[in-house]
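Residue-level structure breakdown
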Amino acid sequence: MNCEPPTKGKIIVFGILFWYPLAGVTYQFLHYMLGLRQLGYDPYYIEDSGRWIYNPLINDLSPDATENIKRVAPILEAYSFKERWGFRGHYPGGECYGMSEAQILNLYKEADAFLNVTGAQEIREEHLACRRRIYVESDPVGSQIRVVQGDETLIADLEAHDTHFSFGENLGAPDCGVPTSRFEWLPTRQPIVTDLWHTSDNMPGIAYNTITTWDNKGGKDITYQGETYYWRKAREFEKFIDLPHQCSVQFEIAAADISQDVRYLLQKHGWSQVDSMELSQNLNSYRNYIQRSRGEFTVAKDQYTRLHSGWFSDRSACYLAAGRPVITQETGFSKFLPTGKGLFAFKTMEDILAAVDAIESDYEGNCRAAREIASEYFAAEKVIGSLMERAGL
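Residues numbered from 1 in each chain as written. Predicted model: local features only at pLDDT ≥ 70, side-chain atom pairs only at ≥ 80, totals over all residues. Heavy atoms only, no water.

Some words on the packing of helix α1 (residues 23–38) against helix α9 (residues 283–291)
Helices that pack against each other are described as a pair by the angle of their axes relative to one another and the distance between those axes. The interhelical angle for the contact between α1 and α9, taken along N-to-C directions, is 90°, at an axis separation of 9 Å. Compared by their axis directions, α1 and α9 come out roughly perpendicular. Counting all contacts with α1, which are made through Ala23, Gly24, Thr26, Tyr27 and Leu30, the residues of α9 involved are Leu283, Tyr286 and Arg287. (Axes fitted to C-alpha atoms, helices over the stretch in contact; angles between N-to-C directions. Helix = DSSP H or I, 4+ residues; strand = E, 2+ residues; numbered from the N terminus. Parallel < 35°, antiparallel > 145°, perpendicular 65-115°, else oblique. Contact = heavy atoms within 4.5 Å.)

Okay, structure coming up:
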């Protein structure tokens, strides 16, 4: 990793590392922090929200962030971000960890910009002291539709930012059904520090797998122009539930909170299932699960596919970086990423079967192609470098 002295100024990364302290989210933000440092910036990670954190130990929200801090802070400090992180619970009884409240408030005045990654940080008066404010949206569709429907709270939050990026790389294109009035959405994708995913163990597993939430909670289904667009991964998996019975290879889903009925459904149709919460407790078990897969088979949410948003999963990018081929549902991303070797987009069961045949007929070649796609299209220095340049930094 590049640890040269920073030359390009201080950048704050806002996010949900402490709010949701599981490995997939940790990697998502670690890639931003390390990528910024590689490019010569001096990155700081800050959470300063009015919402309670999610505590995995009780599987519920809590105002006490102590356990989450114990999980995440050592990871940041292991990558040399000691004294460059802070958590302020901006709610009654909320406490400050890492940097002091005075240091955090002073950082807002000193920083050259902040990246509000996932748009998780609500913007208050003190945040406006930061001279450049960049919104980086990982989940498109919902916010664009809410803007059109007149959600004044969201509109005000977006207006507090200078530049807006989205993982919806197809937003604004003629074949995209997502409305984009009022704000200009610039395309971006998940940055990956590919060195984190390289492995000397090139022996693949026997199953194509994925790490997912089977039945997404939170009421994020959205109605637009008389149509309901769904947020549930289960709805898409069920369309292809018989896949294992049509292939000679094995398939597995890592998911949490699977009901007995769903577990029976998966077993009946030939799927293996493991607990994603258990393997997401630390970085190594999460990364090892991906590295030891045969590849990823996954679906995308209805919101992303039906409206042709161009979204691509940050987790799928990690599979590619680990040299594991990816078969994933088409959202329009194939306009921007190469498919047909290492990465495959599907709409139908026939597409999936053809992708499996193509991978299995030249497995090593597809593993190499996956790594090449990650290096060319997801490398953190390229993705973040492009984002910062377009944001005027």
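Resuming the write-up.
Let's talk about helix α12 (residues 349–361)
Compared with the 18 Å implied by 1.5 Å per residue over 13 residues, the 18 Å span of α12 between its first and last C-alpha is a close match. Next to the buried residues of α12 lie β11 (207–212), β14 (250–255), β16 (295–298), β17 (326–329), β18 (343–346) and α13 (363–378). (Expected span 1.5 Å × (residues − 1).)

Description of the sheet that holds strand β8 (residues 133–137)
Taken together, the eight strands give an open sheet; going across it, the order is β6-β5-β2-β1-β7-β8-β9-β10, and neighbouring strands pair in mixed fashion. Only two strands of the sheet have a single neighbouring strand rather than two, namely β6 (96–98) and β10 (185–187). For this sheet, the mean inter-axis angle between neighbouring strands, taken without regard to orientation, is 25°. Of the strand pairs in this sheet, strand β7 (residues 113–117) and β8 are connected by four bridges, and their pairing is parallel. By the bridge assignment, Phe114 is partnered in β8 with Arg133. (Pairing = 2+ DSSP bridges.)

Things to note about the sheet that holds β17
With parallel pairing, six strands are arranged side by side in an open sheet as β15-β14-β11-β16-β17-β18. Single-partner strands in this sheet number two, and they are β15 (272–274) and β18. Along the sheet, successive strands turn relative to each other by an average axial angle of 25°, direction set aside. With three bridges connecting them, β16 and β17 associate as parallel partners. When the sheet's bridge partners are listed, Phe297 is paired in β17 with Ile327. Sheet contacts for helix α11 (residues 314–321): β11, β16, β17 and β18; angle to β16, the most-contacted strand, approximately 160°. Running over the sheet, α12 touches β11, β14, β16, β17 and β18 and is turned about 165° from β18.

Observations concerning the side chain of Thr194
Summarising the element assignment, Thr194 is placed in the loop between β10 and β11. For Thr194, the residues in contact, after removing those within four places along its chain, are Ala321, Ala374 and Ser375.

Some points on unusual backbone geometry
Its identity as a non-glycine residue notwithstanding, Asn59 has a phi of 55°, on the positive side. Relative to the helices and strands, Asn59 resides in the loop between β3 (53–55) and β4 (60–62). Classification of Asn59 by relative accessible area gives partly exposed; the value is 45%. Although it is not a glycine, Glu83 adopts a positive phi angle of roughly 70°. Within the secondary structure, Glu83 sits in the loop between α2 (66–78) and β5 (85–88). Classification of Glu83 as exposed rests on a relative accessible area of 63%. (Buried < 20%, exposed > 50% of the residue type's maximum accessible area, 1.4 Å probe, protein only.)

Focus: the packing of aromatic side chains
Inspection of every chain in the model, using the stated rule, returns 24 aromatic pairs. Plain terms: the ring middles of Trp19 and Tyr20 are 5.9 Å apart, the flat faces sit at 35° to each other, and that makes the pair tilted. Look at Trp19 and you get partly exposed, because its relative accessible area is 24%. One aromatic cluster is present, formed by Tyr208, Trp214, Phe237, Phe240, Phe251, Trp271, Phe297 and Phe346 through successive ring pairs. Above the ring of Tyr363, the side-chain terminus of Arg294 is found at 4.1 Å from the ring centroid. The residue whose ring lies beneath Lys301 is Trp231, and the NZ or CZ to ring-centre distance is 4.2 Å. (Phe/Tyr/Trp six-rings, centres within 6.5 Å; stacked < 30°, edge-to-face > 60°. Lys NZ or Arg CZ within 6 Å of the ring centre and 35° of its normal.)

Spatial relationships are all this shows, so hold off on functional conclusions.
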